[in-house]
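Residues per chain are reported as follows:
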Amino acid sequence: MIPRFQADAGDQQCADALATMGAVIVESVLDEALIDAFTADIQPTFDEQGYLFKNEFNGYQTHRIGGVANHSQYFAEILANAKVLAVAEAILRPHCECIQVGSTTAIEILPGEKAQVLHRDDSIYPIDLLPFELQVSALWALDDFTEENGATRVVAGTDRVTDATTGEAWHTDSAIMPKGSLVMYLGSTLHGGGANHSSQHRRAVVNTYCLGWLRQEENQYLTLPQAVVGQQSEAVRRLLGFQSHGTGLGLWPQDPDDLWFDS
Ligand SMILES: O=C(O)CCC(=O)C(=O)O
């Protein structure tokens, strides 16, 4: 079962549940008005470019958008949500001086899509070498998530398996939740998009947060034009990876103050 909390639950309580069970749902965190404004901004991009990411892993009835900061001014508020950052920091900060965004992806699962293969997001890194969590994902429901429309499936629990290579059919729980809620899962947690048996699309935006000293999954320096980065608050710029980690990694000699860009 995926532990479930209301938006006013304590950050540490949510982080403890995430660490223990591998996933946690927090209900109704974002205002409906913010989601509506954000989805109105990104829907044209889904319609025009979303098909470009169709493949066996992403699905052939699924539209995707990367570099989400390029497509909506409202995204920063979602990316830098205080609860998400507090929970992600509780898991990751013991192993780094600052956390950063790994990737930003909007996902529209269309009617008729089959269930995505179960996978762990941290398999992009040499996970066998590192004995701690490398990243945390925060997947926001932009529509109500139901069993029928493809709610994310998660292998949760204290005795959860994290190895998808054996090909066994693991028990999954669906992240059924109202629009504006989110499911957070560890990088090591098996999960995947659900099959969409409904007649409506199921939209989400998923952001990953990783240790500040790792290479980011999505290359933000090439994905985001300087003008877009410059529009963000300093906190969001830093989160997007436009900063050094500590005093020795990712230095930019032209900017000894480590601010990288002025707004
Ligand atoms: O859309 C979803 O519910 C999950 C997508 C996912 O896990 C992925 O593509 O990595």
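Residues numbered from 1 in each chain as written. Predicted model: local features only at pLDDT ≥ 70, side-chain atom pairs only at ≥ 80, totals over all residues. Heavy atoms only, no water.

**Here's the deal with the sheet that holds strand β9 (residues 191-192)**
Logical step 1: Pairing in this open sheet of 3 strands is antiparallel, and the strands run β7-β6-β9 from one edge to the other. A single partner strand is all that each edge strand has here, and the edge strands are β7 (173-174) and β9. (Pairing = 2+ DSSP bridges. Helix = DSSP H or I, 4+ residues; strand = E, 2+ residues; numbered from the N terminus.)

**A look at the side chain of R64**
Logical step 1: With respect to the helices, strands and loops of the structure, R64 is situated in strand β3 (residues 62-66).
Logical step 2: Buried R64, no salt bridge; nearest opposite-charge side chain is E217, N-O distance 7.7 Å.
Logical step 3: Not counting residues up to four positions away in its chain, the partners in contact with R64 are F46, Q49, G50, F53, N58, T105, A106, I107 and Q116. (Buried < 20%, exposed > 50% of the residue type's maximum accessible area, 1.4 Å probe, protein only. Lys, Arg positive; Asp, Glu negative; His and termini not counted. Salt bridge = Lys/Arg side-chain N within 4 Å of Asp/Glu carboxyl O. Contact = heavy atoms within 4.5 Å.)

**Brief notes about the nonpolar core**
Logical step 1: Counting residues in each nonpolar core, the largest one holds 51 residues, and the members touching the most others are M184, V205 and Y209.
Logical step 2: Once you skip the residues sitting within four places of it in the chain, V205 turns out to touch F38, V68, F75, I78, T105, A106, A138, L139, W140 and L142.
Logical step 3: One finds F145, A156, A204 and V206 within the second-largest nonpolar core, a separate group that totals 17 residues. (Core = buried A, V, L, I, M, F, W, Y, C linked by side-chain atoms within 4.5 Å.)

**So, the pattern of salt bridges**
Logical step 1: In this structure the tally under the stated criterion is 9 salt bridges.
Logical step 2: K179 is the salt-bridge partner of E32, the closest N and O atoms lying 3.7 Å from each other. Of this pair, E32 sits in helix α2 (residues 32-49) while K179 sits in the loop between β7 and β8 (182-186); the two residues are 147 residues apart in sequence, bridging distant segments of the chain.
Logical step 3: Given a relative accessible area of 25%, K179 falls into the partly exposed group.
Logical step 4: The shortest N-O distance in the salt bridge between R93 and E89 comes to 3.5 Å.

**Some details on the site of the ligand**
Logical step 1: Near the ligand, the surroundings consist of F57, R64, I107, I109, Q116, H119, D121, L139, T152, H191, G193 and R202.
Logical step 2: Between R64 and the ligand, the recorded distance is 2.7 Å, taken from a side-chain N or O atom to an oxygen atom.
Logical step 3: At 2.8 Å, a side-chain N or O of R202 approaches an oxygen atom of the ligand.
Logical step 4: Protein coverage of the free-state accessible area of the ligand, which is 300 Å², stands at 93%.
Logical step 5: Here the shell around the ligand is built from residues that sort into 4 nonpolar, 5 polar and 3 charged. (Near = heavy atom within 4 Å. Polar contact = N/O pair within 3.5 Å; in protein donor to acceptor, adjacent residues only side chain to side chain. Areas by Shrake-Rupley, 256 points an atom, 1.4 Å probe, with all protein chains shown as cover. Nonpolar A, V, L, I, M, F, W, Y, C, P; charged D, E, K, R; others polar.)

**Quick word on the sheet that holds strand β4 (residues 99-109)**
Logical step 1: Strand order in this open sheet of 7 strands is β1-β2-β8-β5-β10-β4-β3, and the pairing throughout is mixed. Here the strands that pair on one side only, and so sit at the sheet edges, are β1 (4-6) and β3. Mean inter-strand twist for the sheet, computed between neighbouring axes without regard to direction, equals 20°.
Logical step 2: Here strand β5 (residues 135-141) pairs with β8 via 5 bridges, running antiparallel. Its bridge partner being in β8, W140 is matched across the sheet by L182.
Logical step 3: Against the sheet, helix α1 (residues 11-21) contacts β1, β2 (23-27), β5 and β8, and its axis sits at roughly 145° relative to β2.
Logical step 4: Strands in contact with α2 are β3, β4, β5 and β10 (202-211); relative to β3, the strand with the most contacts, it is inclined by about 110°. (Axes fitted to C-alpha atoms, helices over the stretch in contact; angles between N-to-C directions.)

**A word on unusual backbone geometry**
Logical step 1: In this structure, S28 is a non-glycine residue whose phi angle is positive, near 50°.
Logical step 2: You can see S28 is positioned in the loop between β2 and α2.

**Digging into the environment of G212**
Logical step 1: As for its position among the elements, G212 is in the loop between β10 and α5 (220-223).
Logical step 2: With 115 residues separating them along the chain, G212 and E97 place their C-alpha atoms 6.8 Å apart.

**Let's talk about the pairing of β8**
Logical step 1: Most of β8 is tucked away, with 5 of its 5 residues classed as buried.
Logical step 2: Side-chain alternation along β8 places L182, M184 and L186 on one buried face and V183 and Y185 on a second face that is also buried.
Logical step 3: Summarising the sheet, β2 and β8 pair through 4 bridges and their orientation is antiparallel. Counterpart to V26 in the pairing with β8 is L182.

**Examining the packing of aromatic side chains**
Logical step 1: Enumeration over the complete set of coordinates arrives at 3 aromatic pairs.
Logical step 2: Ring geometry for F38 against F75: centres 6.0 Å apart, planes inclined by 25°, an arrangement best described as stacked. Remark: F75 occurs in helix α3 (residues 75-79) and F38 occurs in helix α2; sequence separation between them is 37 residues.
Logical step 3: Ring centres of Y221 and F242 lie 5.2 Å apart, and the angle between their planes is 90°; on these two criteria the pair is classed as edge-to-face. Placement of the pair is Y221 in helix α5 and F242 in the segment after α7 (234-239), with a sequence separation of 21 residues.
Logical step 4: The partly exposed category is assigned to Y221, whose relative accessible area is 42%. (Phe/Tyr/Trp six-rings, centres within 6.5 Å; stacked < 30°, edge-to-face > 60°.)

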